[in-house]
Every structure is written in structure tokens, then in C-alpha cells.
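Structural features, examined
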Amino acid sequence: MLTDNEIVTIARTEVERALGYDSDELATTRENALDYYHGRMASAPEGRSQIVSHDVADVVHATLSQVSRQFQTSTVVFEPNGPDDEDQAQMESDMVRYQIERNNGYKILNSAAHEALLSGNGWIKCQVEEEVDVSNETYPELDPLQLQVVSQPTAEDQVVSVRETKDGFAVRRETTERKLVIEAIQADVMVYSTETGVDDISKLRMVGERVMLKDSELKALGVSDMDMAAIPLMNDDYWPAVEAREGQYQDYTDTEPVQNANRRRECFDVYIRLDMEDNGTTELWRILYGGTTLITKEPAECIPYATGSPVPLPLRVQGTGMYQLFKQVQDAKTHTLR
């Protein structure tokens, strides 16, 4: 069985070798795309105009205005496989439409499309999150029948525990609520393993994202002060695309929180295939780590990400965006204007 240290070492190695990490070619392309989008280009020689043409941004906005209409007017429909499947297909269609509307799905799709047009790929994460609600009740006296009644769950996925105290009976109810969460993820924090001839992210060795967790959030996950000290504080200096996303505000550095509980630390939330038992068989695991600290580990059913590109490349996950297509146009027009 792999130890926690071995798991972190494997995950860190995969992340550091991944596409999109640090300042590799993909990260640099993402940085340049964002700079061109914001009009941050090399300064002209002294005495020349500093005007910048915004062709990359213009074509992204023009294309997005056409694409957005499709999201708002399209209807999700599951076709039945046969006469006996019509009710099931209708139920699935209604449920997907409900979840899209409930999770502000059209805005999420629009954000992912915007990201794809600019960076080459848009990313969406879809997962089920669990929240445990705890309530406590006290009763001075309970006869056997009453005790049986209060011991019964009052909601789905509820665990009830009854404890006798000197003041009577204490009843604790833990109710687990599950909800579907859909969100668009900025491309510049996504990392994934490089595998030739693979265009399906579900078949990759590793897919994950860089996440910033507050000290208070890490404490809630059970991380000790000693382990937290091994997790580096947030530093975007070696993530140029993350910094470039801020546009004209990227040089604003006064971002330190007033209280330490709100300090943010760099972690990685990755879905990785591991041979846990060293028997030659890999299984999908979700690993959350920061620095040399393993925060959580759990088996995963699937990789919860989806990605798409406006100009897909055959047998590749990473596609082409408007920056690669219109960079030279923006360069030439800017030079001419100046």
C-alpha cells in the first residue's frame, strides 16, 4: 500500500510534468493570449504612438455574441431508445434542463465558451457536494415508546444518535444534503498529463487544478498547524497566465489579508490513476495536497471535468484559440497604427 508521502511525491511529479504547469509552452501561450486580449503588448520605441489594436478581443467578442444565442435558445433533449424508454428519456431531459437553470448553467456555458475562444480550451467542472447539517435536541423524560419515536430519522440521509445524560436525553441528528455543483474553471489553473494520441480527458493519467485554500478552510479539513506550515502561501509569480488574467490590475500587489485565517495557500486538487496496492492495477483517486502535505485522499468514480475547443486538434486535448489565429493580425495592425 502506498504511503501518504509516496502519494504526494507521485502527485507532485505528475503535476510538475503536466501541460499548463508553471511557465511551460502552454502556460506561456495562455499568458500571451490574455495579454493580447487586454491590449498589453510591447511598448513602441520612444517617439512613437503607444496605440494598440485589439483584434484578438474583437474577434472573441464577435464570435461569443453568436455562440451565446445557441446556449440560450437550445433545448436539451434525450432521445428514447424505444417505445418503453420514452418516459425515462423525458424525465432525463427535464432533469438536465432543471439542473442547468438551477445552477445558472447558461452563464457557466457562456464563460467556458469565452475561455475556449481566447485560450484554446474551456473547462467545466461538475460534481456532487455533500453538506452535513447537525441539530441537537434535549428531552427531560422519554418513555420507551417516545424514545423509539425520537430515534427515527425525520429526513433522508439522516443519522440519529440518542444519549442519556443526567438532565434527560440528548438527541443528535446529522443530515447529509447532496447538491450538484457546476462551475466554469479558468484555463490557466488547469494541469493535465501529456499523452500522445489521447483526446479524451477521462483516459489521461492525471487531470487537476491549482486551488487556493484559506488557513481556515485547511483547519476545517483537519490539517494541523505543523502540516499547514509545509503548504506554501499563494504566489502567482511563477504562474504568469494567472497574473496576466488581471489585465491592468496585475501589478496591484496589496492583497495580503488582515487576519492569518484568511491567508491563502497553494494546493492542487488532482484526479490521478494510482497503483495503490502495487499489483499492476491502477484505480482513479482524488488527491488534494499542498507542498509536501497530503490533505485528503479518496477513491473517485470519474474525472469531473469537461473541456472543449473552438478549433480542436486531432487526438489532442489542447485546441487552438483566437489568439493563435489572430496574433499576427494584431501585431501587423498595431505596427501600422503606430
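Residues numbered from 1 in each chain as written. Predicted model: local features only at pLDDT ≥ 70, side-chain atom pairs only at ≥ 80, totals over all residues. Heavy atoms only, no water.

1. Considering helix α1 (residues 4-17)
Over its 14 residues, α1 runs 20 Å from end to end, which matches the ideal 20 Å to within 8%, given 1.5 Å per residue. Among the residues of α1, those classed as buried are Ile 7, Val 8, Ala 11, Glu 14 and Val 15. Buried positions in α1, seen along its axis, are confined to an arc of 135° and lie on one side of it. Facing away from the buried side of α1 by more than 90 degrees, the exposed set consists of Asn 5 and Arg 17. Residues of α1 that are buried make contact with β4 (190-192), β5 (206-214), β6 (264-274), β7 (283-290) and β8 (293-299). (Helix = DSSP H or I, 4+ residues; strand = E, 2+ residues; numbered from the N terminus. Expected span 1.5 Å × (residues − 1). Buried < 20%, exposed > 50% of the residue type's maximum accessible area, 1.4 Å probe, protein only. Arc of directions from axis to C-beta. Contact = heavy atoms within 4.5 Å.)

2. Here we look at the pattern of salt bridges
A full pass over the atoms with the stated rule returns 23 salt bridges. Asp 94 is paired through a salt bridge with Arg 97; the nearest N and O atoms lie 2.5 Å apart. A residue pair is termed a helical-turn pair when its members lie 3 or 4 positions apart in one helix, as Asp 94 and Arg 97 do in helix α4 (residues 86-102) at 3 residues. For Arg 172, the salt bridge goes to Glu 174, with nearest N and O atoms at 2.9 Å. For Glu 174, a relative accessible area of 30% puts it in the partly exposed group. (Salt bridge = Lys/Arg side-chain N within 4 Å of Asp/Glu carboxyl O.)

3. Let's talk about the sheet that holds strand β3 (residues 168-185)
Within the open sheet, the 4 strands sit side by side as β2-β3-β1-β9. Their pairing is antiparallel. Among the strands making up the open sheet, the edge pair consists of β2 (158-165) and β9 (305-308). Averaged over all adjacent pairs, the angle separating strand axes in this sheet is 20°, with direction ignored. As judged from the 4 bridges shared by strand β1 (residues 122-139) and β9, these two strands associate in the antiparallel manner. For Trp 123, the partnering residue across the bridge sits in β9 and is Thr 307. Sitting on the sheet, helix α5 (residues 105-119) is in contact with β1, β3 and β9, with an inclination near 145° to β1. (Pairing = 2+ DSSP bridges. Axes fitted to C-alpha atoms, helices over the stretch in contact; angles between N-to-C directions.)

4. Digging into the sheet that holds β8
In spatial order, the strands read β4-β5-β6-β7-β8; together these 5 strands make up an open sheet with antiparallel pairing. The sheet is open, and its two edges are formed by β4 and β8, each paired on a single side. Neighbour to neighbour, the strand axes of the sheet diverge by 25° on average, direction disregarded. Two elements, β5 and β6, share 9 bridges in a ladder whose sense is antiparallel. The residue of β6 that forms the bridge with Arg 210 is Phe 268. Relative to β6, α1 is tilted by about 95°, and along the sheet it contacts β4, β5, β6, β7 and β8.

5. Some words on the side chain of Thr 334
With respect to the element layout, Thr 334 can be found in helix α10 (residues 322-337). Residue classification places Thr 334 among the buried positions, given a relative accessible area of 2%. Side-chain polar atoms of Thr 334 contact the backbone oxygen of Gln 330, separated by 2.7 Å. Once you skip the residues sitting within four places of it in the chain, Thr 334 turns out to touch Met 41, Ile 51, Val 52 and Ser 53. (Polar contact = N/O pair within 3.5 Å; in protein donor to acceptor, adjacent residues only side chain to side chain.)

6. Some thoughts on a negative patch on the surface
Among the surface-exposed residues, Glu 6, Glu 277, Asp 278 and Glu 283 lie close enough to one another that they form a single negatively charged patch. Mapped onto the secondary structure, Glu 277 falls in the loop between β6 and β7. (Patch = residues over 30% accessible without salt bridge, like charges linked within 9 Å, V, L, I, M, F, W, Y side chains within 5 Å. Areas by Shrake-Rupley, 256 points an atom, 1.4 Å probe, with all protein chains shown as cover. Lys, Arg positive; Asp, Glu negative; His and termini not counted. Charge placed at Lys NZ, Arg CZ, Asp CG, Glu CD.)

7. Examining the environment of Val 189
Tracing the chain through its elements places Val 189 in the loop between β3 and β4. We classify Val 189 as buried; its relative accessible area is 8%. Apart from residues no more than four positions distant in its own chain, Val 189 is found in contact with Gly 208, Glu 209, Arg 210 and Val 242.

8. A short note on the packing of helix α2 (residues 25-38) against α10
Following both chains from N to C, one finds α2 and α10 inclined at 50°, their axes separated by 11 Å at the closest point. Classified by the angle between their axes, α2 and α10 sit oblique to one another. Crossing hand, α2 versus α10: left-handed. On α10, the residues that touch Thr 29, Asn 32, Ala 33 and Tyr 36 of α2 are Tyr 323, Gln 324, Lys 327, Gln 330 and Asp 331. (Parallel < 35°, antiparallel > 145°, perpendicular 65-115°, else oblique. Left-handed = near helix turned anticlockwise from the far one by under 90°.)

9. Here's the deal with the side chain of Ser 119
By the secondary structure assignment, Ser 119 is in helix α5. Under the relative-accessibility criterion, Ser 119 is labelled buried at 4%. Excluding anything up to four places from it in sequence, Ser 119 contacts Ala 187 and Gln 318.

Everything listed here is a matter of coordinates, which is why it stays silent on function.
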